[in-house]
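Structural overview for review
Next come the chains, spelled out residue by residue.
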Amino acid sequence: EKGVRIERETPISLSEYEKLLTERDASTRTIHKVRNCFSVNNRLFELDVFLGLDLVVLEVEVGDMSEVIVFPDGWELDEVTGDTFYSNRTIAQL
């Protein structure tokens with residue numbers, strides 16, 4: 001379905017992270033980003049600023065795809081859900 005992406009986020013320990021880091025694909029780099037969370041009109045937004053890249057991604061969580069999301073005037077946005085360019089793997093290869 002357009003605009004739908006299922007995520008699974010699992011907290012891991014530092015030792016688990018370090019182990020996974022040794023198993024990473026050598027053709028990729030670690031992604032570094034700053035996540036800014038804020039609310040507009042009672043809706044949570046997550047703005048990811050990727051360090052070292054000219055890339056900023058705004059994420060909006062919804063419970064139902066029929067929900068109407070109203071963005072503040074002046075925001076210039078493109079829907080990128082499902083666009084493989086914005087996958088973590090592709091970003092790690094930039």
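A few points on the structure. (Residues numbered from 1 in each chain as written. Predicted model: local features only at pLDDT ≥ 70, side-chain atom pairs only at ≥ 80, totals over all residues. Heavy atoms only, no water.)

Moving on to the side chain of Arg43. Relative to the helices and strands, Arg43 is located in strand β2 (residues 43-50). Within polar-contact distance, the side chain of Arg43 engages the side chain of Glu67 at 3.0 Å. Contacts of Arg43, omitting those with residues within four sequence positions, involve Phe38, Val60, Glu61, Val62, Glu67, Val68 and Ile69. (Helix = DSSP H or I, 4+ residues; strand = E, 2+ residues; numbered from the N terminus. Polar contact = N/O pair within 3.5 Å; in protein donor to acceptor, adjacent residues only side chain to side chain. Contact = heavy atoms within 4.5 Å.)

Take the pattern of salt bridges next. The final tally for this structure, using the stated rule, is 7 salt bridges. Arg89 is paired through a salt bridge with Asp25; the nearest N and O atoms lie 2.5 Å apart. Here Arg89, found in helix α2 (residues 88-93), pairs with Asp25, found in the loop between α1 (14-22) and β1 (33-40); they are 64 residues apart in sequence, far enough to count as distant. What makes Asp25 partly exposed here is its relative accessible area of 31%. (Salt bridge = Lys/Arg side-chain N within 4 Å of Asp/Glu carboxyl O. Buried < 20%, exposed > 50% of the residue type's maximum accessible area, 1.4 Å probe, protein only.)

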